[in-house]
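# Remarks on the overall topology
What follows is each chain in one-letter form.
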There are 2 protein chains.
Amino acid sequence: MSEKNLLFEAFKQTKYQVAGHGKREVHILKEALQEFDGQQESDIYGKGKVIEEFQVKMAAYLGKETAVFFPSGTMAQQIALRIWCDKKVLRKVAYHPLCHLEIHEEDGLKELHQIEPVLLANKNRLIELDDVLSMEDEVACVLLELPQREIGGQLPDYETIENISKYCRNKGIMLHLDGARLFEILPYYKKSAVEVCSLFDSVYVSLYKGIGGIAGAILAGDTDFTEKSKVWKRRHGGDLISLYPYIISADYYFDQRLEKMEQYYVEAKELAQMFNSCHAVSTMPLEPVSNMFHVHFHASKEQLEAVLLEIYEATDVGLTSYLRATSEVACNYEVSIGDLYAALPKEKVKQVFLMLDQRMRELNN
Amino acid sequence: MSEKNLLFEAFKQTKYQVAGHGKREVHILKEALQEFDGQQESDIYGKGKVIEEFQVKMAAYLGKETAVFFPSGTMAQQIALRIWCDKKVLRKVAYHPLCHLEIHEEDGLKELHQIEPVLLANKNRLIELDDVLSMEDEVACVLLELPQREIGGQLPDYETIENISKYCRNKGIMLHLDGARLFEILPYYKKSAVEVCSLFDSVYVSLYKGIGGIAGAILAGDTDFTEKSKVWKRRHGGDLISLYPYIISADYYFDQRLEKMEQYYVEAKELAQMFNSCHAVSTMPLEPVSNMFHVHFHASKEQLEAVLLEIYEATDVGLTSYLRATSEVACNYEVSIGDLYAALPKEKVKQVFLMLDQRMRELNN
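Residues numbered from 1 in each chain as written. Chains lettered and ligands numbered in written order. Predicted model: local features only at pLDDT ≥ 70, side-chain atom pairs only at ≥ 80, totals over all residues. Heavy atoms only, no water.

As recorded in an unreviewed UniProt entry, chain A goes by Low specificity L-threonine aldolase and comes from Paenisporosarcina antarctica. Here is the UniProt Cofactor (unreviewed entry) comment for chain A, exactly as written: "pyridoxal 5'-phosphate". (UniProt positions renumbered as here; feature names shortened; annotations may be inferred.)

Right, here's the structure in full:
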């Protein structure tokens, strides 16, 4: 068994886990269905009570005219950008170099839609107003991802978003929100979803990250936009005869977890502080602005794996199932706080961080 | 309420229904999950026991090297044709004028893949060997739909498929099977799925028609083909973090219904005979070759709706929820036999057809 699998398996065996909502197992769906009326009719190709009511609920929550349920964010976002490109008769959009569309979608945007991306900022920092102002290419749309996941879930000042929005509206550039983790950032900004979304022409939110559903996404905007998105949804093969397994569970966990986003945010700050108090460990952002952050270790991946295996064994607390090497002497992983954090015994946590601090000191002496 | 809705609502109220497996309600998913281990891990982006085992099972059943689960047939088939077009460096495929890709997918094939279709045969009849032989355009792939759904689910002679397959292999043209209803035609051909699929380079089957799952499809072929299909699945936004709600139910109903396809076929022939014994009513095909057929009435849509409403009221048996007008004096609808047919009280059925015959005589006097 490789080192990576050792860590993965050891993590799975731990009794307590620091991040997330728990294992992605089938009982998540069973629980969501338990109280649900079995006589409820299925949605049929985007029609029917179960999908329409949820779409109305999400449109209201986001403050947009209409919303459409999609099986995936990958599909929803490519389609959003395509609609804006068609509107502007210009197949060019601007986004961050570590945008999901750029690094996780096998170039679907280019291969299926022939849309060319203009990369803003650089991969180590956020997009700022200046990056948009100094853009040389004409683009149909700018995409902002809030928070910027691949750099630890950082956020710009709220004023920056307002200024980018104002500039784009003046210039006739459409502004799209990659809000995969929109729910999770509202406590930091102290804004409602309606307020944040009012700065954007179209909005995507994910239903299986902070919300913890099975899969699925919402794309929202004005009705002309969402009607077009339904046509493209069919073209992509996303207009399934029935999407209700995802919708019922999204709705169920939305109602349960939306109000917990503040708690996850507070807990993320607490946990980050514990990491930062360890020798040669730091979080990005130093103080989290949502339920997520990255933890960086000054130790090789192999060294840290040995440390973690020891900690899991001694405490029965799992920190992560994987590590990413960033250099020969550094590695990191991503934390997203969910339901599990609140259930951790404080004594165990203390023990984990005592051990981690001690081992990191030994490694860096 | 419009006439169409009247019929739809009256149909829903009937106690007995002649076709299908029953209402598409949430209990279908609940039943499939009932005995399923809640501790089973989710599939994650195409990996994991729940998806991999089902794919292996379906590949073996179809006699192909590998199989990939897709959220929809729309996605699976566009991707199959795209892979063959890329292989041949030629964006042209041949299929029937009433092919699903031509009439039900908002031109996804053209809009997303820039593939140009060559239409074989005409919309009222099956593709024959001559249509393929006399094709003037060079194409990368020929798609055959078995049975040809939009013309009542007709089938060519088995020899025709063998000859088309032989010709295409000689010419280096790829042959793709739209097997949305493949399970349903095997009793007529008296062939195994392996035998039929051996004539094709790639095969798509649907998991919510005869099988009666929630949604989803399988695409099968050699490993080079299916590996490419996974890349395109991600591009299309179909590589969901979790597809297990569809997979678990597809597997559950596959095991339950595969062996019933012979029964559905026999019942379809029996039912078609009863329609054909009525005045001014005929089925297409006259003798069904699967569980499906179309019923054609020499009566206007409005006239027949009134007749059906009367029959539903008198017998509590529903025949159809909709009618399609084909002219001012003719209409039709589609029948697909499923679990419900066997549960019909024979006396009720007799009463239905007595009334139908009598009313059709009155209308055509």
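So much for the structure itself; the text now carries on.
### Considering the overall build of chain A
Regarding its fold elements, chain A presents 15 helices and 13 strands. Over its C-alpha trace chain A gives a radius of gyration of 21 Å, about what one expects of a compact globule, namely 21 Å for 365 residues. Its C-alpha atoms give chain A principal-axis dimensions of about 60 × 55 × 40 Å. The burial tally for chain A puts 56% of its 365 residues in the buried class. When contacts within chain A are restricted to residue pairs at least 6 apart in sequence, long-range pairs at least 24 apart make up 75% of them. (Helix = DSSP H or I, 4+ residues; strand = E, 2+ residues; numbered from the N terminus. Rg over C-alpha atoms; globule rule 2.2 N^0.38 Å. Buried < 20%, exposed > 50% of the residue type's maximum accessible area, 1.4 Å probe, protein only. Contact = heavy atoms within 4.5 Å.)

### Quick notes on the sheet that holds strand β4 (residues 116-119) of chain A
Residues and elements named next belong to chain A. One open sheet accounts for seven strands, arranged β2-β8-β7-β6-β5-β3-β4; its pairing is mixed. Where the open sheet ends on each side, the last strands, each with one partner, are β2 (66-70) and β4. Strand-to-strand twist in this sheet, taken as the mean axis angle between neighbours without regard to direction, amounts to 20°. Here strand β3 (residues 92-95) runs beside strand β5 (residues 141-145); their pairing, made up of two bridges, is parallel. Bridged to Ala94 within β5 is Val142. Running over the sheet, helix α4 (residues 73-88) touches β2, β3, β5, β6 (174-179), β7 (202-206) and β8 (217-221) and is turned about 175° from β6. (Pairing = 2+ DSSP bridges. Axes fitted to C-alpha atoms, helices over the stretch in contact; angles between N-to-C directions.)

### Comments concerning the sheet that holds strand β10 (residues 292-297) of chain A
Residues and elements named next belong to chain A. Pairing is antiparallel in the open sheet, where four strands are placed in the order β9-β10-β13-β12. Sheet topology places β9 (281-284) and β12 (324-327) at the edges, where each strand pairs with a single neighbour. In this sheet, neighbouring strand axes are inclined to one another by 30° on average, regardless of whether the strands run parallel or antiparallel. Where β10 lies against strand β13 (residues 330-336), six bridges are found, and the strand directions are antiparallel. Of the residues in β13, the one forming a bridge with Val295 is Tyr333.

### Thoughts on the pattern of salt bridges
All names here are of chain A. Applying the stated criterion across every chain, the model contains 45 salt bridges over all chains. Asp86 is paired through a salt bridge with Arg91; the nearest N and O atoms lie 4.0 Å apart. By relative accessible area, Arg91 is classed as partly exposed at 34%. One salt-bridge network, in which partners are shared between bridges, spans Lys57, Asp251 and Asp255. (Salt bridge = Lys/Arg side-chain N within 4 Å of Asp/Glu carboxyl O.)

### A few points about the relation of the copies chain B and chain A
Structural alignment of chain B on chain A gives an RMSD of 0.0 Å, achieved by rotating through 180° and translating 0.0 Å along the axis. The two molecules are tied by a two-fold rotation axis, judged by turn and shift. The position closest to the rotation axis in chain B is occupied by the C-alpha of Leu112(B), lying 2.5 Å away. Comparing interface residues between copies, 100% of those in chain B also sit at the interface in chain A, which points to an isologous, same-surface contact. (Least-squares fit on C-alpha atoms with pLDDT ≥ 70 in both.)

### Brief notes about the interface of chain B and chain A
Across the contact, 51 residues belong to chain B and 51 residues belong to chain A. Interface of chain B and chain A: buried area, both sides summed, is about 4,300 Å²; carbon and sulfur atoms make up 57% of it. Applying the counting criterion to the chain B and chain A interface returns two salt bridges. Across the pair Lys12(A) and Glu41(B) runs a salt bridge whose closest N-O atoms are separated by 3.0 Å. Here chain B is connected to chain A by 31 residue pairs in polar contact (both at pLDDT 80 or more). (Buried area = accessible area lost by both parts, 1.4 Å probe. Polar contact = N/O pair within 3.5 Å; in protein donor to acceptor, adjacent residues only side chain to side chain.)

### Comments concerning the environment of Gly153(B)
Residue and element names in this part refer to chain B. Note on placement: Gly153 falls in the loop between β5 (141-145) and α8 (158-171). Put simply, Gly153 and Ile185 are 32 residues apart on the chain and 9.3 Å apart in space, counted from C-alpha to C-alpha. Other than its neighbours up to four places away in sequence, Gly153 contacts Pro147, Gln148, Pro285, Val289 and Met292.

### So, the packing of helix α14 (residues 301-315) of chain B against helix α15 (residues 346-363) of chain B
Helix packing for two helices is described by the angle between their axes and how far apart those axes are. Residues and elements named next belong to chain B. In the contact formed by α14 and α15, the axes pass within 10 Å of each other and the chain directions differ by 150°. Here α15 runs roughly antiparallel to α14, going by the angle between their axes. Where α14 crosses over α15, the handedness of that crossing is right-handed. Of the residues in α15, those in contact with Gln303, Leu304, Val307, Glu310, Ile311, Ala314 and Thr315 of α14 are Lys348, Gln351, Val352, Met355, Leu356, Arg359, Met360 and Leu363. Within the contact of α14 with α15, the residues separate by chemical class into nine nonpolar, three polar and three charged. (Parallel < 35°, antiparallel > 145°, perpendicular 65-115°, else oblique. Left-handed = near helix turned anticlockwise from the far one by under 90°. Nonpolar A, V, L, I, M, F, W, Y, C, P; charged D, E, K, R; others polar.)

### Things to note about the packing of aromatic side chains
Under the criterion given, the structure shown has 33 aromatic pairs over all chains. On the basis of an interplanar angle of 70° and a centroid distance of 5.7 Å, the ring pair of Phe183(A) and Phe254(A) is categorised as edge-to-face. In this pair, Phe183(A) is assigned in helix α9 (residues 182-189) and Phe254(A) in helix α12 (residues 244-257), connecting sequence segments 71 residues apart. Each member of the pair Phe183(A) and Phe254(A) is classed as buried. A ring pair is formed by Trp84(B) and Phe225(B), whose centres lie 4.7 Å apart and whose planes are at 15°; its orientation type is stacked. You can see Trp84(B) sitting in helix α4 (residues 73-88) and its partner Phe225(B) sitting in helix α11 (residues 223-236), a full 141 residues away along the chain. Look at Trp84(B) and you get buried, because its relative accessible area is 4%. Ring-pair connections join several aromatic residues into one group, and the members of that group are Phe275(A), Phe293(A), Phe297(A), Tyr322(A), Tyr333(A) and Phe353(A). Lys233(A) extends its terminal NZ or CZ atom over the ring of Phe70(A), reaching a point 5.5 Å from the ring centre. (Phe/Tyr/Trp six-rings, centres within 6.5 Å; stacked < 30°, edge-to-face > 60°. Lys NZ or Arg CZ within 6 Å of the ring centre and 35° of its normal.)

### Some words on α12(A)
For α12(A), which comprises 14 residues, the first-to-last C-alpha distance of 19 Å matches the rise-based estimate of 20 Å (1.5 Å per residue) to within 8%. Those residues of α12(A) that fall on the buried side of the exposure criterion are Tyr244(A), Pro245(A), Tyr246(A), Ile247(A), Ile248(A), Ser249(A), Ala250(A), Tyr253(A), Phe254(A) and Arg257(A). (Expected span 1.5 Å × (residues − 1).)

### Notes on the domain arrangement of chain A
Note: interface size is frequently given as the accessible area lost on complex formation between the parts. Residue and element names in this part refer to chain A. Taken domain by domain, chain A comprises domain 1 (3-22 + 260-363) and domain 2 (43-241). The distance between the C-alpha centroids of domain 1 and domain 2 comes to 30 Å. Every contact between the two is made by 14 residues of domain 1 and, on the other side, 18 residues of domain 2. By the criterion of area lost to domain 2, the three top residues of domain 1 are Met261, Val289 and Met292, representing 42% of everything that side buries. (Domains from an automatic or database assignment.)

### Things to note about the side chain of Ser249(B)
Residue and element names in this part refer to chain B. For Ser249, the position within the fold is in helix α12 (residues 244-257). One polar contact links the side chain of Ser249 to the main-chain carbonyl oxygen of Pro245, over a distance of 2.6 Å. Those residues within four positions of Ser249 in sequence are excluded, and the remaining contacts are Leu29, Ala32, Gly213 and Ile214.

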